[in-house]
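Inside the fold
Read off the chains here:
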Amino acid sequence: MKFFKPQSIQETTRLLADFGPEATMLAGGTDLLPQVNRFLLKPKVLISIRNISELNDLRETEGGLMIGSLVTHSSLANSPAVKAKAGSLAEAAARVGSPLIRNLGTIGGNLCWASPAADTAPPLLTLGAAVIWRQGGREQKKDLADFFIGPNRTCLPPGALVTGIWVPPLPPEMKTIFLKLGLRNGAAISVVSVAAGLLLENRMVRRVRLAFG
């Protein structure tokens with residue numbers, strides 16, 4: 001197996017173009033490495049993107065949030081900006097696995113594996129989030145609702161690198177929540193989860209968004 005540790009987005013996209021479908025991305029590794037250890041996956045080329053600092057960016061912009069694909073679940077759960085502008089996402093990130101998993105696992109990896117049990121997916125769907133990726137020199141943006149095309153399947157094209165998630169600004173009256181049921185209280189994979197967004201006007205519900213895991 002060949003192993004690469006690029007230092008920039010540009011270097012990563014060049015490697016992806018060179019190796020094509022043989023390349024496998026490594027971010028936090030919480031989904032990938034257990035499958036490699038069980039011989040369920042045998043990557044020919046492994047590209048670690050952990051050293052690309054710009055993918056760790058988390059900032060408020062245009063009234064919403066720009067979240068780099070390497071931002072960890074712990075960072076999401078503890079971010080004042082995420083708590084203020086995307087409360088259900090902070091709640092979901094705080095419920096992911098164990099503290100070790102939350103410190104290593106990334107939002108980009110959670111979405112790209114497209115597991116039906118991915119905790120961050122339901123709140124991001126109700127928040128109207130979009131996925132941003134780079135392919136060669138081009139940047140593209142796709143609504144998360146269209147990014148998933150089936151269990152463990154996305155529309156991400158070959159050779160593309162997810163660079164971030166955009167969460168648009170929400171009306172001040174929009175209330176959000178995330179609930180999860182597992183087989184135990186800690187370090188549990190979701191049996192079922194739900195995120196909801198309610199737009200309240202004059203004590204009346206004007207709009208409802210629901211997403212289930």
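Below you will find a few notes about this structure. (Residues numbered from 1 in each chain as written. Predicted model: local features only at pLDDT ≥ 70, side-chain atom pairs only at ≥ 80, totals over all residues. Heavy atoms only, no water.)

Observations concerning the pairing of strand β4 (residues 58-61)
Side chains on a regular strand alternate between the two faces of the sheet. So the rule is basically this: Note on pairing: DSSP must find at least two bridges between two strands before they are called paired. Secondary structure elements are taken from DSSP: a helix is a run of H or I of four residues or more, a strand is a run of E of two residues or more, and numbering for both begins at the N terminus.
As judged from the four bridges shared by β4 and strand β5 (residues 64-68), these two strands associate in the antiparallel manner. Looking across to β5, one finds that glutamate 60 is bridged to leucine 65. Between β4 and β5, which pair antiparallel one after the other, the connecting turn spans two residues, and glutamate 62 there sits at a positive phi close to 55°.

Side note on the packing of aromatic side chains
Keep this limit in mind: Only centres within 6.5 Å qualify two rings of Phe, Tyr or Trp (six-membered ring in Trp) as a pair; their planes then separate them into stacked at under 30 degrees, edge-to-face at over 60, and tilted for everything else.
Per the counting criterion, the structure on display carries three aromatic pairs. Between phenylalanine 4 and phenylalanine 19 the ring centres are 5.3 Å apart and the planes differ by 40°, which places this aromatic pair in the tilted class. Taken together, the residues phenylalanine 4 in strand β1 (residues 2-4) and phenylalanine 19 in helix α1 (residues 9-19) connect sequence positions 15 residues apart. Plain terms: the ring middles of phenylalanine 147 and phenylalanine 148 are 5.8 Å apart, the flat faces sit at 65° to each other, and that makes the pair edge-to-face. Among the aromatic residues, those joined into a cluster by ring pairs are Trp133, Phe147 and Phe148.

Things to note about α1
Filter applied, for reference: Relative accessibility thresholds used throughout: buried, under 20% of the residue-type maximum; exposed, over 50%; partly exposed, between the two (1.4 Å probe, protein chains only). The directions from the helix axis to the C-beta atoms are what the arc is built from. The contact rule is simple, with two residues in contact once any of their heavy atoms fall within 4.5 Å.
The set of residues buried in α1 consists of Ile9, Thr12, Thr13, Leu15, Leu16 and Phe19. End-on view of α1: buried residues confined to an arc of 160°, all on one side of the axis. For α1, exposure combined with an orientation more than 90 degrees from the buried face picks out Arg14, Ala17 and Asp18. Where α1 is buried, its residues meet β1, β2 (23-26), β3 (45-48), β6 (130-135) and β10 (160-167). Once α1 finishes, glycine 20 follows within two positions and takes phi at roughly 55°, a positive value.

Quick look at the side chain of serine 48
Take serine 48: it is sitting in strand β3. Overall, serine 48 belongs to the buried group, its relative accessible area being 1%. Once residues within four sequence positions are removed from consideration, serine 48 is found in contact with Phe3, Phe4, Lys5, Pro6 and Leu26.

Overview of the pairing of β10
The buried count for β10 comes to eight of eight residues, which makes it a mostly enclosed element. Strand direction decides the pairing type here: β5 and β10, joined by four bridges, are antiparallel. Within β10, the residue paired with leucine 65 across the bridge is valine 167. As paired strands, β6 and β10 are joined by six bridges and run antiparallel to one another. What sits directly across from arginine 134, in β10, is leucine 161.

Here we look at the sheet that holds strand β11 (residues 174-181)
Under the convention used in this document: To get an axis, fit a line to the C-alpha atoms, keeping to the stretch in contact for a helix; angles then go from 0 to 180 degrees between the N-to-C directions.
Read from one edge of the open sheet, three strands run β11-β12-β13, paired in antiparallel fashion. Bordering the open sheet on either side are β11 and β13 (204-212), each of which pairs with just one other strand. Strand-to-strand twist of the sheet, defined as the mean angle between neighbouring strand axes without regard to direction, takes the value 15°.

Comments concerning helix α5 (residues 87-94)
Residues lying three or four places apart along an α-helix face the same way, a consequence of the helix completing one turn every 3.6 residues. Most of α5 is tucked away, with six of its eight residues classed as buried. Taken as a whole, α5 has its buried residues at Gly87, Ser88, Leu89, Ala90, Ala92 and Ala93. In this structure, the buried residues of α5 make contact with β5, α3 (73-78), α4 (80-85), α6 (99-104), α8 (121-126) and β11.

Considering the sheet that holds β10
Strand order in this open sheet of five strands is β4-β5-β10-β6-β7, and the pairing throughout is antiparallel. What marks the edges here is a single partner per strand, and that holds for β4 and β7 (138-143). With strand direction ignored, the average angle separating the axes of adjacent strands in the sheet is 25°. Most of the contacts of α1 go to β10, to which it runs at about 135°, and overall it touches β6 and β10.

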